[in-house]
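Chain by chain, the residues run as shown.
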Amino acid sequence: MIFRPILPQELDAVLSCIQPDPSTMLSADVVRSRLADGEYRPEWIWVAETGPGRAPLLLAIWWGMPGDTHPRSLDGLFSTAASSVLSRPDARTFPPSQPSGDPRSATAAALLTAAHQAFAADGLTALPEYHLFLPPSWRDQPETAAAVKWRREASKAAGLRVVTERLRFEWTAEGPVPSVSERLVFTPEPDDEVFVDLLRRTLPGSLDAATTREALLVGPEEQARNDVAFYRHDMLGERSWWRIARMSTGQVVGFGIPSRNCNTSVVGYLGVLPEFRGRGFVAEILAEITRILATEAKETVVRADTDLTNHPMIAAFELLGYSEIARRLVLSAG
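All of the points below concern the structure found in this document. (Residues numbered from 1 in each chain as written. Predicted model: local features only at pLDDT ≥ 70, side-chain atom pairs only at ≥ 80, totals over all residues. Heavy atoms only, no water.)

**Some words on the pattern of salt bridges**
This is how the line gets drawn: We define a salt bridge as a side-chain nitrogen of Lys or Arg found within 4 Å of a carboxyl oxygen belonging to Asp or Glu. Numbered from the N terminus, helices here are DSSP runs of H or I no shorter than four residues, and strands are runs of E no shorter than two. Between buried and exposed lies partly exposed: a residue is buried under 20% and exposed over 50% of the maximum accessible area for its type, with that area taken using a 1.4 Å probe on protein chains only.
A full pass over the atoms with the stated rule returns 29 salt bridges. A salt bridge links Arg 32 to Asp 29; the shortest N-O distance between them is 3.6 Å. Of this pair, Arg 32 and Asp 29 are both found in helix α2 (residues 28–37), three residues apart, which corresponds to roughly one turn of the helix. Taking relative accessible area as the criterion, Arg 32 reaches 36% and is therefore assigned partly exposed. Of the charged contacts in the structure, one is a salt bridge between Asp 192 and Arg 239, with a shortest N-O distance of 2.9 Å. One end of the pair, Asp 192, is in helix α5 (residues 192–202); the other, Arg 239, is in the loop between α7 (220–234) and β8 (243–247), and 47 residues separate them in sequence. You can call Arg 239 buried: its relative accessible area is 17%. A single salt-bridge network, built from bridges that share partners, covers Glu 193, Asp 197, Arg 200, Arg 201, Glu 221 and Arg 225.

Below, the structure written as structure tokens:
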């Protein structure tokens, strides 16, 4: 079995192997569009094949921001062959414990491992996450559940052992724009250091799993600075949209960072200081973020993700008329 990135001249032939799959929203047309934008690269598209000139048995597609030198996440893992065609890779070559059962899992684990090793040799210091984009009721759909199962087995064997499920919500202009808060005053703040401080202060007790894990690894100060840098430089939202939320007395309650990615406007980041939690302020900050994107940025769609266990955030989305449109299963090294 051979595991390798594709060559640019192979793109059309490889993309013709992509078939609709319940574990991802990717299609060949979407891949071509993101290749043009720089979010995908030929060197981030890997295949498993039995020999030169043979059709690929598995196809993996990693994603990154246009300016990135390394991929950030795996967006799609496709099987293009019957399970009986796939054989168990040589465990001496690919040391992670191989999953049992579906032969696709073992071969996919070896494909991911080979790519991870190549990315690491090129300077990548952490394994890219794997994001599976699923319907809200994916567990009740046997075909989707089966598609997730062998991919999760493969990812675990390749080192992605931590699973976080996130809900994707969407607000559209067909619904009313949230009204202005009666308790909070929102003001712009040009000093990034103010947001670094607020991000750091909101980390204790955060219900966002990824943020909490990262803060444990690098410390709250560096985590806060990384988040500010991400929204300042990597995301496409306007810096002028960022807001500080205060009581009429001047007390700072929290903050909101409306933003935009390559495809749509997003809620971005919002935080409520620990001493003000449990009083409904999260919904009021979310309302202001939505209002800014809808009225000032003239966006007609606003999207956001939150963890399945973040019940206050879920309640705020539902209160403001956001609809759950998908689930995102994030498989990571932790």
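**Quick look at the pairing of strand β3 (residues 58–63)**
Heads up, the rule is: Criterion used throughout: strands pair if DSSP finds at least two bridges between them.
Most of β3 is tucked away, with six of its six residues classed as buried. Judged by which residues are buried, β3 turns out to be covered on both faces: Leu 58, Ala 60 and Trp 62 on one side and Leu 59, Ile 61 and Trp 63 on the other are all buried. Where strand β2 (residues 45–49) lies against β3, four bridges are found, and the strand directions are antiparallel. Bridge pairing links Ala 48 to Leu 58 in β3. Note that β3 and strand β4 (residues 73–79) share six bridges and pair antiparallel. Considered in β4, the bridge of Ala 60 is made with Leu 77.

**Observations regarding the environment of Ser 105**
With respect to the helices and strands, Ser 105 occurs in helix α3 (residues 103–121). As for Ser 105 and Ser 240, which are separated by 135 residues in sequence, their C-alpha atoms are 47 Å apart.

The values are spatial; any link to function lies outside them.
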